[in-house]
Amino acid sequence: MAGFDERMLNGMSVFVAIVEAGSFAAAGERLDMSQPGVSRAVSRLEGRLGIRLFDRTTRVVSLTDEGRRFYAQVTPLLAGLEDAAATASGGATAVRGRLRVNIDPFFSRLILGPSLEAFLAQYPALHLELITRDSLGDMIADGFDLAVRFGVPPDSTLVARKLLDTPILTVAAPAYLKRCGRPLKPEELASDAHTCIEFRDPRTGRPFPWEFHRKRKRLVVPTNGRLVVNDAGTLLSACLAGYGVAQVMGFGTEGWRESGQLVDLFPDWPDERFPLYVYHPSRHHPPAKTRAFLDFVTSLTAKT
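Conventions adopted
- Residues numbered from 1 in each chain as written.
- Predicted model: local features only at pLDDT ≥ 70, side-chain atom pairs only at ≥ 80, totals over all residues.
- Heavy atoms only, no water.
- Domains from an automatic or database assignment.
- Core = buried A, V, L, I, M, F, W, Y, C linked by side-chain atoms within 4.5 Å.
- Buried < 20%, exposed > 50% of the residue type's maximum accessible area, 1.4 Å probe, protein only.
- Helix = DSSP H or I, 4+ residues; strand = E, 2+ residues; numbered from the N terminus.
- Contact = heavy atoms within 4.5 Å.
- pLDDT = per-residue confidence, 0-100.
- Pairing = 2+ DSSP bridges.
- Salt bridge = Lys/Arg side-chain N within 4 Å of Asp/Glu carboxyl O.
- Polar contact = N/O pair within 3.5 Å; in protein donor to acceptor, adjacent residues only side chain to side chain.
- Axes fitted to C-alpha atoms, helices over the stretch in contact; angles between N-to-C directions.
- Parallel < 35°, antiparallel > 145°, perpendicular 65-115°, else oblique.
- Nonpolar A, V, L, I, M, F, W, Y, C, P; charged D, E, K, R; others polar.

(A) View of the domain arrangement of the protein. Under the domain assignment, the protein is made up of domain 1 (6–83), domain 2 (97–161 + 275–302) and domain 3 (165–273). Distance between the C-alpha centres of domain 1 and domain 3: 47 Å.

Set out below in structure tokens:
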């Protein structure tokens, strides 16, 4: 880049810090700079680039479209410089710094959480921030390095890597089946004789439809349950307690099914699948900390 110098590099570092911290003041605290100094660094950078990076109001700082594109381009470059410096200085590992991950609550609680101690022990210079959310949102504007989400990827510029396809199973607890009887076919769930627990789709705001797949056949059953949840843990708790029938992911529920606490009601409808993806914002070679976490979650899903 013509005219690239230390001042521009510093401006880029300040810009990334603002995006990740969420405000000019928070970035100043992180970088040990005054807020006017942060503002001057950004203004100089915007002047050199000839674009506006942020929309500023008295209360909110948000990225412009040009700012989002610039953030996606510059973060892997800065991370690469950090890795190069770590390697040149003879550091014990290039996996260092802060890694901010948007993660599905169910995956975080049941699969990721029990293995975090070993992962962080392997990389003592890494600071990991896990934010559980029910949707992907805007990764770049929200300052995330990675995201791990269930569901079909949205149309975007993000790099998406599929980790697995989990079967969707229709289950109930023995207590429920003793009280209400076991349905013999999916269509029976539409009757008042059965209670279904609905799960809200974060993209549409409406409950997921109850689908049943067998080879090329697809059956949709209207359920209209009185209980609607948006958290997989709550869904499982209510189902395990015997409240009603639920559709759950096979991934992460193996123990309850093997112990008999949950009964698969329709094993002859086995073919509905729900994917798990990991996302990162750049198509350039990801930094070492990103690659390390990608390898980590890949190894966890490979065990299932």
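(B) Broad picture of the nonpolar core. Membership of the largest hydrophobic core comes to 41 residues, with the highest contact counts inside it found for F107, L112, V148, F293 and F296. When residues in this core are grouped by element, the largest group, seven residues, is from helix α10 (residues 288–302). For this core, the two domains that each supply at least three residues are domain 2 (97–161 + 275–302) and domain 3 (165–273). Excluding residues within four positions of it along the chain, F296 makes contact with L112, S115, L116 and F119. Counting residues in each nonpolar core, the second largest holds 23 residues, with M8, L45, F70 and Y71 among its members.

(C) How the structure looks around the confidence of the model for the protein. The predicted model of the protein has a mean per-residue pLDDT of 87, with 91% of residues at 70 or higher. Mean pLDDT across the elements of the protein ranges from a minimum in helix α4 (residues 65–88), with 75, to a maximum in strand β12 (residues 263–264), with 98.

(D) A look at the pairing of strand β5 (residues 146–150). Counting buried positions over the five residues of β5 gives five, a clear majority of the element. Of the two faces of β5, the one lined by L146, V148 and F150 and the one lined by A147 and R149 are each fully buried. Pairing geometry for strand β3 (residues 97–103) and β5, over three bridges, is parallel. Within β5, the position partnered with V101 by the bridge is L146. As paired strands, β5 and strand β13 (residues 273–280) are joined by four bridges and run antiparallel to one another. Residue A147 lies in a different strand from β13, and its bridge partner there is Y279.

(E) Focus on the environment of L189. You can see L189 is positioned in the loop between α7 (174–180) and β7 (197–199). It is 6.3 Å that separates the C-alpha atoms of L189 and T223, two residues lying 34 residues apart in sequence. Residue contacts for L189: discarding those within four places in its chain leaves T170, P183, H194, C196, W210, F212, V221, P222, T223, V245 and F266.

(F) A look at the pairing of β13. Judged by how many residues are buried, β13 sits mostly within the fold: six of eight residues are covered. As defined by bridge partners, strand β6 (residues 159–172) adjoins β13 across eight bridges and the pair is classed as antiparallel. Each residue of the ladder has a partner; that of K162, found in β13, is Y277.

(G) The pattern of salt bridges, seen in detail. Inspection of the entire model under this criterion finds 10 salt bridges. R109 is paired through a salt bridge with D231; the nearest N and O atoms lie 3.5 Å apart. Within this pair, whereas R109 is found in helix α5 (residues 105–112), its partner D231 is found in the loop between β10 (227–229) and α8 (232–240), the two being separated by 122 residues in sequence. Notably, a salt bridge pairs K162 with D165, separated by 3.0 Å at the nearest N-O pair. In this structure K162 comes out as partly exposed when scored by relative accessible area, which is 42%. Judged by relative accessible area, which is 38%, D165 ranks as partly exposed. In the salt-bridge network here, residues are joined through shared partners; they are D65, R68 and D138.

(H) Geometry of the side chain of T253. Position of T253 relative to the elements: it lies in the loop between β11 (246–249) and α9 (254–258). With relative accessibility at 1%, the residue T253 sits in the buried group. A polar atom in the side chain of T253 sits 3.1 Å from the backbone oxygen of G250. Apart from the residues within four sequence positions on either side, T253 is in contact with F106, L236 and V248.

(I) The arrangement of the packing of α5 against α10 in detail. Relative orientation of the contacting elements α5 and α10 amounts to 75°, with a least axis distance of 11 Å. Accordingly, the angle class assigned to the pair α5 and α10 is roughly perpendicular. On α10, the residues touching F107, I111 and L112 of α5 are F293, F296, V297, L300 and T301. In the contact of α5 with α10, the residues fall into seven nonpolar, one polar and no charged.

(J) Structural context of α5. Within α5, the full set of buried residues consists of F106, F107, S108, I111 and L112. Near the N-terminus of α5, the side chain that reaches the backbone nitrogen of F106, with its oxygen 2.9 Å away, is that of D104.

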